[in-house]
Amino acid sequence: MEPNLLKIESKIRILRSANGMNISISKLPGIGQKICLKTGEDSMLVLIVHHTGKRELYFFEDADSEEADFSMDLTSDETRELGAQLLGATYQPVDADQLKIFQNQIVIDWVELKEKSSLAFKTIEESEIRNRTGATIIGIVKGDETIAIPEADTRLQPGDVIMTIGKQDQIDTLSDLCKGEE
């Protein structure tokens, strides 16, 4: 990472998570935004998001190091896919039925869309899932294809497995809709 990027930033907030990770978000005037994730083991990931949409990802084994051990450029689509994979779009190392985080307040679940559902054959936008249930679709598995952060015009088909996030009651409402139990 260019050392002058570190000097021209202006801090906007620092967050501390319960698991020991520190997250800082900084503005980079004329460039965009810098997001630093410092782990409890003192390593660090830095994501630079440019106004142009370009993203640069840097890894520092030692968070105090001046030079990154690894870096790569990512497109917007690649960044969304990486985020979806980190959330477990294609592999869940824990109970695949439910992953509860944030002290059981937010749930990620996978729900299969049945043919008798009123959501079948509609786009995400047409289905109004967010307005009707409060849950948010963060991924869809269509056979061998995984769509991370699907667009509003993505058509829902019977057999799709919808990856969703929300509160338990919101997920339950969406699950009932997907089964056709409205």
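Residues numbered from 1 in each chain as written. Predicted model: local features only at pLDDT ≥ 70, side-chain atom pairs only at ≥ 80, totals over all residues. Heavy atoms only, no water.

S.K.: Mind showing me how you'd approach the pairing of strand 5 (residues 55-60) here?
M.R.: Put simply, side chains in a regular strand alternate between the two faces of the sheet. Most of strand 5 is tucked away, with five of its six residues classed as buried. As paired strands, strand 4 (residues 44-50) and strand 5 are joined by six bridges and run antiparallel to one another. Each bridged residue has a counterpart across the sheet, and for Met44 the counterpart in strand 5 is Phe60. Turn length for the strand 4-strand 5 hairpin, with the two strands adjacent in sequence and antiparallel, is four residues, and the turn residue Gly53 shows positive phi of about 100°. Direction of pairing for strand 5 relative to strand 6 (residues 70-74): antiparallel, over a ladder of five bridges. Bridging from a neighbouring strand, Arg55 pairs with Leu74 of strand 6. (Buried < 20%, exposed > 50% of the residue type's maximum accessible area, 1.4 Å probe, protein only. Helix = DSSP H or I, 4+ residues; strand = E, 2+ residues; numbered from the N terminus. Pairing = 2+ DSSP bridges.)

S.K.: What should I look at first to understand the confidence of the model for the protein chain in this one?
M.R.: Averaged over all residues, the pLDDT of the protein chain is 82; the fraction at 70 or higher stands at 80%. Within the protein chain, the lowest mean pLDDT, 44, falls on helix 1 (residues 3-8), and the highest, 95, falls on helix 3 (residues 124-127). Low pLDDT, under 50, characterises residues 1-13; the predicted model gives this stretch 28 contacts beyond four residues in sequence or across chains. (pLDDT = per-residue confidence, 0-100. Contact = heavy atoms within 4.5 Å.)

S.K.: What should I look at first to understand a negative patch on the surface in this one?
M.R.: Negative charge collects at one region of the surface, where Glu41, Glu61, Asp62, Asp64, Glu67 and Asp69 lie side by side. Along the chain, Glu41 falls in the loop between strand 3 (32-38) and strand 4. (Patch = residues over 30% accessible without salt bridge, like charges linked within 9 Å, V, L, I, M, F, W, Y side chains within 5 Å. Areas by Shrake-Rupley, 256 points an atom, 1.4 Å probe, with all protein chains shown as cover. Salt bridge = Lys/Arg side-chain N within 4 Å of Asp/Glu carboxyl O. Lys, Arg positive; Asp, Glu negative; His and termini not counted. Charge placed at Lys NZ, Arg CZ, Asp CG, Glu CD.)

S.K.: Whenever I open this one, the pattern of salt bridges confuses me. Can you help?
M.R.: Opposite charge on two side chains makes pairing possible when the charged atoms of those side chains draw close. One pass over the structure, following the stated rule, counts five salt bridges. Here Asp42 makes a salt bridge to Lys38, at a shortest N to O gap of 3.5 Å. Judged by relative accessible area, Asp42 falls into the partly exposed class, the value being 29%. As a salt-bridge pair, Arg80 and Asp77 come within 2.4 Å of each other at their nearest N and O atoms. Note that Arg80 and Asp77 are positioned in helix 2 (residues 76-87) at a spacing of three residues, about one turn of the helix.

S.K.: Sorry, what's going on with the nonpolar core here?
M.R.: It is characteristic of soluble globular proteins that their nonpolar side chains tend to be buried jointly. In this structure, Leu113, Leu119, Leu156 and Cys178 are the most contacted members of the largest nonpolar core, which totals 16 residues. The set of elements that each furnish at least two residues to this core consists of strand 8 (106-112), strand 9 (136-142) and helix 5 (168-179). Setting aside anything within four residues of it in sequence, one finds Cys178 in contact with Val111, Glu112, Leu113, Lys114, Ser117, Leu119 and Ile162. The next biggest cluster of nonpolar side chains, apart from the first, holds nine residues, and it includes Ile31, Met44, Phe60 and Ala63. (Core = buried A, V, L, I, M, F, W, Y, C linked by side-chain atoms within 4.5 Å.)

S.K.: Any chance you could explain the pairing of strand 9 here in plain terms?
M.R.: Taking burial as the measure, the seven residues of strand 9 include five buried ones, the bulk of the element. Bridge count between strand 9 and strand 11 (residues 161-166): five bridges; the pairing is antiparallel. Of the residues in strand 11, the one forming a bridge with Ile137 is Thr164. The pairing of strand 9 with strand 10 (residues 145-148) spans four bridges and is classified as antiparallel. Looking at the pairing, Gly139 lines up with Ala148 of strand 10.

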